[in-house]
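Working through the structure, step by step
For reference, the chains in residue letters:
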Amino acid sequence: MLLMVLLAVWASLRPAARSSRGSRAALLWGGGVIFPLSVLIALLVYGHYPDGKAGGAAHGPPFRVQVHAHQWWWEVRYPDAGPVASGKDAPYDVNELHIPVNRPIHVELTSEDVIHSFWAPRLGGKMDAIPGRVNRLELMASEPGVYLGVCAEFCGAQHAHMAFRVVAHDGPAWLARQRPEDGGDPARVAERDRP
Amino acid sequence: MTQTLSPWARHRALERDWGSPKGWRSLSAVNHTVMGKRFMLAALAFFLVGGILALLMRAQLASHDSAFLDSELYSQIFTMHGTLMMFLFAIPMLEGFAFYLLPKMLGARDLAYPRLGAYAWWCYLFGGSILLIAMLLGLAPNSGWFMYTPLAGSEYRPGINSDVWLIGITFAEISAVCGAVELVATILKVRAPGMGLNKLPVFAWYMLVTAGMILAGFPPLILGSILLELERSLGWPFFDVARGGDPILWQHLFWLFGHPEVYIIFLPAAGMVSTMVPVFAQRPLVGYVWVVNSVIAVGFLSFGLWVHHMFTVGIPQLGMAFFSAASMLVAVPTAIQFFAWLATLWSGTVKWGVPMLYLAGFLFVFVIGGLTGVMLALVPFNVQVHDTHFVVAHLHYVLTGGLIFPLLAACHYWLPHITGRMPSGRMGSVAFWFIFIGFNLAFLPMHLTGLFGMPRRIYTYVQDMGWDALNQASSLGAFIQAVGFAIFLLDVMLFSRNGPLAPRNPWKAGGLEWAMATPPPSYNIASQPQVMDREPLWATPALGAQMAAGRHWLAQPSPGHRQTLSVDVVTGTPSAVLHLPGPGWLPLYSALTTAGFFLCVLFKLYAVSLGFAGLTLVLFLFWTWQGVVSARRITARDEVRLPAHGQVAGAPGWWGMASALIADGALFASLVFGCWYLRLFAPGWPTSGWTPVPWSMSIALCAGFLFMGMSAGRAGLAAFHEQTGRARGWLAATVSVSLLLLAGIAVLAVGMPDPTSHASAAAMRVLSVYMGLHAGLASVMAAYVLRRSWDRRAGIALDLSILRLWLRYTAVSGIVGVALLMYFPGVAL
Amino acid sequence: MIDGRGDRGWVSWWRDAGPLLRVFAAFGVWSLCFVSLYGLQAVLCLDAFALSPAAGKASLVIVWLAYLALLLLMLLRSLGALRKRQSRRYNSLLLDEAAHRFLRRLAVIMDAAALTVAAMTGLPVVFIKTCA
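Small disclaimer: the values here were computed from a predicted structure and weren't measured.

Before going further, it helps to spend a moment on the overall build of chain A. Across its full length, chain A holds three helices and ten strands. Along its sequence from the N terminus, chain A presents helices and strands in the succession α-α-β-β-β-β-β-β-β-β-β-β-α. When each of the 195 residues of chain A is scored for burial, the buried share is 42%. Long-range contacts, defined here as pairs at least 24 residues apart, represent 57% of the contacts in chain A between residues at least 6 apart. Split by element, the accessible area of chain A, about 10200 Å² in all, is 60% carbon and sulfur.

Written as structure tokens, this is what we have:
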């Protein structure tokens, strides 16, 4: 690329050796050549530079979440939820993910029908959910809170309303589930989920 | 011995031969000036419809939770906006300009295939009308302009909407491919004498590369559309996961077309810029060879970018990196063109005018678009903003900057040529500022909207997303822009009729198109100039007068014949006189039968559609039969006599077939790619229900194809040595072998498993249909040439050379096809 | 009466348009290089292929370097052709020669560009894992 750029600059420097008329062109020249060139080179370097890894030894082990996209809702399951990961008591969410903070979240995306795209902008990039394959996305929340997400691939009539929430929890209540017998008392949930 | 005619008598004689019929008979016109204008007008109509759809969308998105449009209607509107703009406006508009301008710039009298150009226009008109009428009936396609499967498939879109897109667009694409075939032959062979490749107007280089890109880039989508239509209507699975298909195959096929498409749109516009900038700098283009180099580089590079539309699909990182690197590299040849323009402006004297305003706007807007493009090429950035309004902003910046602004400049610039009257400077400037400000107000905030998380193609949004103010600004900008376009149109319409008469060469340009009367006569120029410079009018200001006075080539009109020169590709030395057809009804009739075919497929009347296909074939044969030329030599200039084009190798007809075969080969390559892609990557493979092709059958088929490959060569050799009987023998043998091949392939296909059961069976069936079609057409063509050999009027040398191309292609693709049938379904890995 | 060209009978399309097609050839090779690298990478990452990562990486690098070598060869040949003052037509006029020289110059530039582009597009092979 540098070779081509040098050649291009050489080609355009040739006529400048003759008398240059038209002072307006000087502004175009500086703006149209130097500016894009420096930006291009900067971006090229930045793009190929290996980005700082979000996950590392300092963070906890990865946590898996299975997201199965439907027209027009998200089905969420937790294979890493411990002893209650399967069976009728298995944690199950609709349009919500509950995740722990500071752990790499490995989202396994599948689709029931058409192509959808899972995107929580503040947590990471997007990944398409495509029928027939499992796509993997790595996210991490460094702070507890609620993060909004949308479906980012046109999937039919209610594509605009296929939003979801990602709730990042600090502490052991991260897989909190409400059951009728809790009576709305979060302490009972925390008690139940203590390992 | 050559009578000297007065310029007026010459004009009358030429006009009598070249003039187009008037009144309703003008439907049979084929002249490039007429067809160019028709393309431009139809494209303008589609642009206005697309623009209104855009305004509807912006009205809907201006506020949160707007009740103006519902989801279904909105999805039809955004699909149609994209489809109309990309397929029915951008390319036909540029085609119209190219048809109108190229022969004039090249110093020729018409394009190489006037009837094919007319056919292309009718196909475009009918295909576009299918889409428009469907939209008016509420049946417009509604899965987005790139129609991702499975959403566009029969399970989730059972209505006729997607079929309308598939069929209407394929029809319009045929038009573009025909146009490309014509452009290649014209630019290579139909020029003024002496115009070698080093003197070729730079716009012609751009169009040559663009035409090549169309030939290679449209067939993947044509194939994809055929496959999706087969899946929707006959149930042959290609994209259905349960039966061995893969929705990602559609994405690959679509973007293999889709990315070159945007460069197919950009390059002609850049060509116009390269033509206008030297005029407004009053000096020739700086770095001509560098510009040509970068145009060719962009043409090829653009085919290596397609996966950058698929960075979120789950492709391995290394694969994405190739496309990321290529996507950034493509900015370099584009930058070279920019350097050239800027250098031209720098070292010339800049003359300001309305076109220059638009060119400045183009420079500004397109560079911004290019920068966001480079940002998008970086995978980490892309996975954040893919499928958001950031991409919408980017694509409008490059398309509006790269296409619309140069087009508006070109309209203003060439309007005096088309209408003979000057457009208004004041109205033009006002229109420019409205458009420029409106555009930036509409789309600059959209970058932020996308970065704030607003996805594409949502029909509404809730209040607390923080997108309200930005969307309102965008909508306001869109309406301001619309006002600007309205003013521009008003300018064009009013001043075309009532503007001041334009002087000869009002912009003081150097190109040959300004060396004729404006508006141009049907025959363009009374005699074809001997070209010795890149900017002939700057070198010889009196050239126009000389040509009109008949001081150059082909000054002697030949009554009843339309003549222009055919030249050597590299040097431009005249080698033959080309006889071009006059007005006729066959293009219209053929387009009508083609439309009949497509409509029957749309409405699932398959038996009737086959009838229409057969009828179209018959009409094409009549069409070819009519193009017969005598064998005598013609006086091209005082002492130079040239043969008629049929007598010389490399005639435009040959180039036309070669170009068509490039497109055919691209289709076949996409099919081979599709088969292997499914075999290796689709989730439902390998399949157990695969019946191997018997060895004896494969060998027989290959032998048949090999025979075909050599028979036309033998026939040609025999004809060259005047052994007519022998030639006829070879041709008869070709007919029989082709028919046997067709029968063999049919037997093979019948023995294959049910195509609706699995993608492998469907793919094999498509392969056999492809091979069978080619073998069948080979027999038809060989029979035609055989029949022609009894025609005393002219020799069959040209026909044989064209047949030879077809037979060799069929042989190669046939053998590859047989190998594929034998191995790919059951290859154990 | 001077009879114009054409009485030489069939001049093949190669002689007619060969120099122009030679200009396109380098990027044609680049296209093949690109498709080979992308295709090979995709196939190598299939589960059914039991190649070790090192062998896979090596095969990609070999393919890439082979194409670079071919492009370099083409560049050297076109540079050589540019230096020789060849007269290729039997009645070469000065203007004809200029057209051929233009194409030879263009071929050199295209070959150099294709070589550079192939080097850049293949570079990720070196520092990115084959099947990440």
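Here we come to the interface of chain C and chain B. Contacts between the two partners involve 53 residues from chain C and, on the opposite side, 58 residues from chain B. Carbon and sulfur atoms supply 77% of the area buried between chain C and chain B, which totals about 4900 Å² over both sides. Put simply, chain C and chain B have one salt bridge between them. Two residues, D16(C) and K189(B), come together in a salt bridge whose shortest N-O distance is 2.9 Å. Counting across the chain C and chain B interface gives two residue pairs in polar contact (both at pLDDT 80 or more). Secondary structure elements with two or more residues in the side of chain C that touches chain B: β1 (2-3), α1 (13-44), α3 (94-122) and α4 (124-127) of chain C. At 17 residues, α1(C) tops the list of elements feeding residues into the side of chain C that touches chain B.

Applying the stated criterion across every chain yields a total of one disulfide over all chains. Across the disulfide from C45(C) sits C131(C); the S-S distance is 2.0 Å. In this structure, the disulfide formed by C45(C) and C131(C) twists by about -95 degrees around the S-S bond and is classed as left-handed. With C45(C) in the loop between α1 and α2 (53-83) and C131(C) in the segment after α4, the pair connects residues that are 86 residues apart, well separated along the chain. Classification of C131(C) as partly exposed rests on a relative accessible area of 46%. Lacking any disulfide linkage, C155(A) is separated from the closest cysteine sulfur, that of C151(A), by 3.7 Å.

To continue, consider the sheet that holds strand β8 (residues 135-139) of chain A. Residue and element names in this part refer to chain A. Across the sheet, five strands lie side by side as β3-β2-β1-β5-β8; this open sheet has mixed pairing. Edge positions in the sheet fall to β3 (92-94) and β8, since each of these pairs with one other strand and no more. Taken pair by pair, the neighbouring strands of this sheet meet at an average axis angle of 25 degrees, ignoring direction. For strand β1 (residues 63-70) and strand β5 (residues 105-111), the ladder comprises seven bridges, and the chain directions are parallel. Across the sheet, the residue bridging to V67 is L109, located in β5.

Before going further, it helps to spend a moment on a nonpolar patch on the surface. Residues L599(B), F603(B), L605(B) and V608(B) make up a contiguous nonpolar surface patch of about 350 Å² in total accessible area. Its location among the elements puts F603(B) in the loop between α18 (586-602) and α19 (606-626).

Another aspect to go through is helix α5 (residues 161-189) of chain B. The end-to-end C-alpha separation of α5(B) is 42 Å, in line with the 42 Å expected for 29 residues at 1.5 Å each. Across the 29 residues of α5(B), 28 count as buried, placing the element largely inside the fold.

Take the sheet that holds strand β6 (residues 116-119) of chain A next. Residues and elements named next belong to chain A. In space, the five strands of this open sheet follow the order β4-β10-β9-β6-β7, with mixed pairing throughout. Each edge of the open sheet carries a strand with a single partner, namely β4 (96-100) and β7 (127-129). Here the strands of the sheet are splayed against their neighbours by 25 degrees on average, with no regard to which way each runs. Sheet topology places strand β9 (residues 145-151) next to strand β10 (residues 164-169); five bridges connect them, and they run antiparallel. Note on β10: the bridge partner recorded for V146 is V167.

Residue and element names in this part refer to chain B. For the pair helix α4 (residues 114-136) and α19, the least separation of the axes is 11 Å and the interaxial angle reads 150 degrees. With respect to each other, α4 and α19 are oriented roughly antiparallel. Here α4 contributes R115, L116 and Y119 to the contact with α19, which in turn contributes F620, W623 and Q626. Taken together, the residues of the contact of α4 with α19 sort by class into four nonpolar, one polar and one charged.

Take unusual backbone geometry next. T149(B) connects to P150(B) through a cis peptide bond whose omega is -5 degrees. Of note, P150(B) is situated in the loop between α4 and α5. At the junction of T518(B) and P519(B), the peptide bond is cis and its omega measures out at -5 degrees in the coordinates. Tracing the chain through its elements places P519(B) in the loop between α15 (468-498) and α16 (536-539). Although it is not a glycine, N95(A) adopts a positive phi angle of roughly 60 degrees. Summarising the element assignment, N95(A) is placed in the loop between β3 and β4.

Scoring rules and cut-offs
- Residues numbered from 1 in each chain as written.
- Chains lettered and ligands numbered in written order.
- Predicted model: local features only at pLDDT ≥ 70, side-chain atom pairs only at ≥ 80, totals over all residues.
- Heavy atoms only, no water.
- Helix = DSSP H or I, 4+ residues; strand = E, 2+ residues; numbered from the N terminus.
- Buried < 20%, exposed > 50% of the residue type's maximum accessible area, 1.4 Å probe, protein only.
- Contact = heavy atoms within 4.5 Å.
- Areas by Shrake-Rupley, 256 points an atom, 1.4 Å probe, with all protein chains shown as cover.
- Buried area = accessible area lost by both parts, 1.4 Å probe.
- Salt bridge = Lys/Arg side-chain N within 4 Å of Asp/Glu carboxyl O.
- Polar contact = N/O pair within 3.5 Å; in protein donor to acceptor, adjacent residues only side chain to side chain.
- Disulfide = S-S within 2.5 Å.
- Pairing = 2+ DSSP bridges.
- Axes fitted to C-alpha atoms, helices over the stretch in contact; angles between N-to-C directions.
- Patch = residues over 30% accessible without salt bridge, like charges linked within 9 Å, V, L, I, M, F, W, Y side chains within 5 Å.
- Expected span 1.5 Å × (residues − 1).
- Parallel < 35°, antiparallel > 145°, perpendicular 65-115°, else oblique.
- Nonpolar A, V, L, I, M, F, W, Y, C, P; charged D, E, K, R; others polar.

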